[in-house]
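Residues per chain, in single letters:
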Amino acid sequence: MISLRYPSHIIFGKGALSELADEVSNFGKEVLLVTGRTAMRRAGVLDKVCKLLSHEKIGVHLFDEVEHDPSLHTVRRGVEVVRRKKISVVIGLGGGSVIDAAKAIAIVAPKEEDVKRYYYGEVPIEGPGIPFIAVPTTAGTGAEITNNAVLTDSEKKIKKSLRSPFMVAKVAIVDPELTLFCSPFLTAYSGMDAFTQAVECFISRASNPVTDTLTLRAIEILYNNLPFAVQNGEDIEIREKVALGSLLQAMAFSNAGLGAAHGLSHPLGAHYNIPHGLACGVLLPYVLEANMCVCREKMDIIAEKLGAEKADDLPHLFTEFLRTINLPLDFKKWQIKKEDIPVLVRESKGGSMSKNPKDLVDEELSRILKKVI
Ligand SMILES: [Fe+2]
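If you're wondering where the values come from, they're calculated on a predicted model, not measured in any experiment. (Residues numbered from 1 in each chain as written. Predicted model: local features only at pLDDT ≥ 70, side-chain atom pairs only at ≥ 80, totals over all residues. Heavy atoms only, no water.)

Undergrad: I would appreciate a short explanation of the overall build of the protein chain in the present structure.
TA: Scanning the protein chain from N- to C-terminus turns up 16 helices and eight strands. For the protein chain, the proportion of its 373 residues judged to be buried stands at 59%. Per element, the accessible surface of the protein chain, about 15500 Å² overall, is 50% carbon and sulfur. Positive and negative side-chain charges in the protein chain, numbering 45 and 46 respectively, have mean positions lying 4 Å apart. (Helix = DSSP H or I, 4+ residues; strand = E, 2+ residues; numbered from the N terminus. Buried < 20%, exposed > 50% of the residue type's maximum accessible area, 1.4 Å probe, protein only. Areas by Shrake-Rupley, 256 points an atom, 1.4 Å probe, with all protein chains shown as cover. Lys, Arg positive; Asp, Glu negative; His and termini not counted. Charge placed at Lys NZ, Arg CZ, Asp CG, Glu CD.)

Listed below in structure tokens is the structure:
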């Protein structure tokens with residue numbers, strides 16, 4: 001049996017942003033616009049969105065406090081604004097962190113309990129939240145499609161997902177023009193996140209023929225276009241291709257899960273602040289090596305798509321890919337302590353790890369980390 005969930009409306013392509021006001025109007029007239037303090041804001045995107053909404057007489061309340069790796073506290077503050085201002089629609093305008101924070105604010109706002117209780121599973125998330133619209137300004141995380149929000153408990157240094165089918169966006173507006181303002185570094189690690197998600201989902205133990213079709217095409221598109229997007233960020237045609245690759249893989253992994261690179265990247269983010277997509281990209285070649293014995297056939301298919309001879313060539317190919325987009329090949333810069341490895345391994349065992357094609361034991365996970373620190 002194949003079961004797939006998506007936002008009920010996905011609008012993709014250059015200029016898709018122009019549909020935003022119409023989509024909002026289907027749900028209400030008071031909006032909480034959740035965003036961060038990013039380059040996209042400086043580039044005037046935020047002003048443009050506010051004008052689009054005001055023109056249709058939609059009330060806009062700005063919540064621009066979302067940080068990289070949003071905390072439970074940020075969600076709590078957003079929820080307070082929603083309740084105080086009687087907000088009817090939440091929009092997340094930004095990268096994965098912003099969209100995840102907005103998603104969490106929208107689901108928690110109409111409910112009784114504090115976000116922390118849902119986060120730690122003390123109470124279930126029952127019933128829908130406030131209608132939520134996702135407008136990504138990076139191409140990579142897939143947060144506009146997924147049913148989870150990665151949040152950080154800053155006190156306990158825990159980074160994990162709040163998850164519910166009710167958290168899927170009502171509308172995802174994916175306009176590649178909004179990614180024109182991403183720096184080469186942000187483009188590289190967001191894109192590497194998408195690429196890793198595509199590869200991990202393709203070999204995931206929960207993959208199915210529908211997700212395989214999506215991820216294989218995404219792997220090909222991202223591999224062939226991401227380096228150009230990093231080199232020439234103003235090229236809208238290339239940006240559109242990368243955004244499409246990102247959308248395809250998001251529609252797959254949101255339904256079929258990821259793997260060990262994602263499992264390990266979460267504690268690395270929580271303890272060492274390593275950008276998520278970068279962490280995933282560095283880990284991917286080693287995770288593939290560890291999985292090779294159980295999914296050689298599928299890796300052969302990827303190799304063939306990318307012009308390599310066989311599965312064994314992939315780890316090297318992906319290391320070279322990292323080099324091409326100017327990302328580091330290891331975590332030396334972050335000075336990870338060897339004695340932290342057991343904690344990192346222990347905290348890697350979330351939902352992503354459960355879909356890894358091979359059951360990797362602690363020694364295998366430690367070995368992977370030792371190779372990259
Ligand atoms: Fe990811």
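Undergrad: Any chance you could explain the coordination of the iron ion here in plain terms?
TA: The iron ion binds to the protein through Asp193 (OD), Gln197 (OE1), His262 (NE2) and His276 (NE2), with metal-donor distances spanning 2.0 to 2.2 Å. Between the four donor atoms coordinating the iron ion, the angles at the centre fall across 82 to 159 degrees, so the site counts as irregular. If you list the donors of the iron ion from N- to C-terminus, the spacing comes out as D-x3-Q-x64-H-x13-H. With Asp193 and Gln197 both in helix α7 (residues 184–203) and four residues apart, the pair spans about one turn of that helix. Residue Gln197 is classed as buried on the basis of its relative accessible area, which comes to 2%. (Donors = N, O, S within 2.8 Å, 3.2 Å for Na, K, Ca; no water. Tetrahedral: all angles 85-135°; square planar, octahedral: opposite > 155°, others 65-115°.)

Undergrad: How do you make sense of helix α12 (residues 296–305) when you look at a structure like this?
TA: Residues spaced three or four apart along an α-helix point in a common direction, a consequence of the helix completing one turn every 3.6 residues. The set of residues buried in α12 consists of Lys298, Met299, Ile302 and Ala303. Each buried residue of α12 sits inside an arc of 145 degrees when the element is viewed along its axis, so together they form one side. Facing away from the buried surface of α12 by more than 90 degrees, the exposed residues are Glu297 and Glu304. Buried residues in α12 make contact with α7, α8 (209–231), α11 (276–291) and α13 (314–324). Backbone geometry just after α12 places Gly307 at a positive phi near 80 degrees. (Arc of directions from axis to C-beta. Contact = heavy atoms within 4.5 Å.)

Undergrad: Sorry if this is basic, but what is going on with a nonpolar patch on the surface here?
TA: A grouping of Ile2, Leu4 and Val210 is seen on the molecular surface, where their side chains present a nonpolar patch of about 210 Å² in accessible area. If you trace the backbone, Leu4 turns up in the segment before β1 (9–12). (Patch = residues over 30% accessible without salt bridge, like charges linked within 9 Å, V, L, I, M, F, W, Y side chains within 5 Å. Salt bridge = Lys/Arg side-chain N within 4 Å of Asp/Glu carboxyl O.)

Undergrad: Explain the pattern of salt bridges here, please?
TA: Under the defined criterion, the tally for this structure stands at 19 salt bridges. Between Asp212 and Lys298 there is a salt bridge, with the nearest N and O atoms lying 2.9 Å from each other. With Asp212 in helix α8 and Lys298 in helix α12, this pair connects stretches of sequence that are 86 residues apart. Among the charged side chains, a network of salt bridges with common partners joins Glu113, Arg117 and Glu122.

Undergrad: What's the story with the pairing of strand β6 (residues 148–153) in this structure? I'm lost.
TA: Consecutive residues of a regular strand have side chains that alternate between opposite faces of the sheet. Most of β6 sits inside the fold, with six of its six residues counted as buried. Covered by surrounding structure in β6 are Asn148, Val150 and Thr152 together with Ala149, Leu151 and Asp153, the residues of both alternating faces. Sheet analysis places β6 next to strand β7 (residues 158–163), joined by six bridges and oriented antiparallel. Counted as the bridge partner of Leu151 is Lys160 from β7. Where β6 hands over to β7, the hairpin turn is made up of four residues, of which Lys157 adopts a positive phi near 55 degrees. (Pairing = 2+ DSSP bridges.)

Undergrad: I tried to follow the nonpolar core on my own but got confused; where do I start?
TA: In summary, soluble globular proteins display a tendency toward joint burial of nonpolar side chains. The biggest cluster of nonpolar side chains holds 76 residues, and the ones touching the most others in it are Phe195, Ile274, Leu283, Ile302, Phe318 and Phe331. Here this core spans two domains, and each of domain 1 (9–178) and domain 2 (183–372) adds at least three residues to it. Leaving out residues up to four positions away in the same chain, Ile274 has contacts with Leu268, Gly269, Ala279, Phe331, Trp334 and Ile336. (Core = buried A, V, L, I, M, F, W, Y, C linked by side-chain atoms within 4.5 Å. Domains from an automatic or database assignment.)

Undergrad: Quick question: what am I supposed to make of the packing of aromatic side chains here?
TA: The description of an aromatic ring pair rests on the distance of the ring centres and on the angle between the ring planes. Applying the stated criterion across every chain, the model contains seven aromatic pairs. Between the aromatic rings of Tyr223 and Phe321, the centroid separation amounts to 4.9 Å while the plane-to-plane angle is 40 degrees, which identifies the pairing as tilted. Of this pair, Tyr223 sits in helix α8 while Phe321 is found in helix α13, placing the two residues 98 residues apart along the sequence. A residue is classified by how much of its surface remains accessible, and Phe321, at 3% relative accessible area, is buried. Ring plane angle 80 degrees and centroid distance 6.4 Å describe the contact between Phe331 and Trp334, whose orientation is recorded as edge-to-face. An aromatic cluster is built from Phe195, Tyr223, Phe318 and Phe321, whose rings are joined through pairwise contacts. The ring of Tyr120 carries the charged tip of Lys156 above its face, separated from the ring centre by 4.8 Å. Taking NZ or CZ as reference, Lys160 lies 4.5 Å from the ring centre of Tyr119, over its face. (Phe/Tyr/Trp six-rings, centres within 6.5 Å; stacked < 30°, edge-to-face > 60°. Lys NZ or Arg CZ within 6 Å of the ring centre and 35° of its normal.)

Undergrad: What exactly am I supposed to notice about the sheet that holds strand β3 (residues 59–66) here?
TA: Across a sheet, strands are paired by hydrogen bonds formed along the backbone, either parallel or antiparallel in direction. Taken in spatial order, the six strands make up an open sheet running β1-β8-β5-β4-β2-β3, and their pairing is parallel. Bordering the open sheet on either side are β1 and β3, each of which pairs with just one other strand. For this sheet, the mean angle separating the axes of adjacent strands, direction not counted, is 15 degrees. Note: strand β5 (residues 132–136) against strand β8 (residues 171–174), two bridges, orientation parallel. Each bridged residue has a counterpart across the sheet, and for Ala134 the counterpart in β8 is Ala172. Along the sheet face, helix α5 (residues 96–108) touches β2 (30–36), β3, β4 (89–94) and β5 and points at about 170 degrees away from the line of β4. (Axes fitted to C-alpha atoms, helices over the stretch in contact; angles between N-to-C directions.)

Undergrad: What should I look at first to understand the packing of α7 against α11 in this one?
TA: For any two helices packed against each other, one specifies the inter-axial angle together with the distance between the axes. At their nearest, the axes of α7 and α11 sit 7 Å apart, and the two run at 30 degrees to each other. Viewed along their axes, α7 and α11 adopt a mutual orientation that is roughly parallel. Read as a crossing pair, α7 and α11 show a hand that is left-handed. Seen from α7, the contacting residues are Phe185, Tyr189, Met192, Asp193, Phe195, Thr196, Gln197, Val199, Glu200 and Ile203; seen from α11, they are His276, Gly277, Leu278, Cys280, Gly281, Leu284, Val287, Leu288 and Asn291. A breakdown of the residues in the contact of α7 with α11 according to their chemical character gives eleven nonpolar, six polar and two charged. (Parallel < 35°, antiparallel > 145°, perpendicular 65-115°, else oblique. Left-handed = near helix turned anticlockwise from the far one by under 90°. Nonpolar A, V, L, I, M, F, W, Y, C, P; charged D, E, K, R; others polar.)

Shape is all these values report; function is a separate question.
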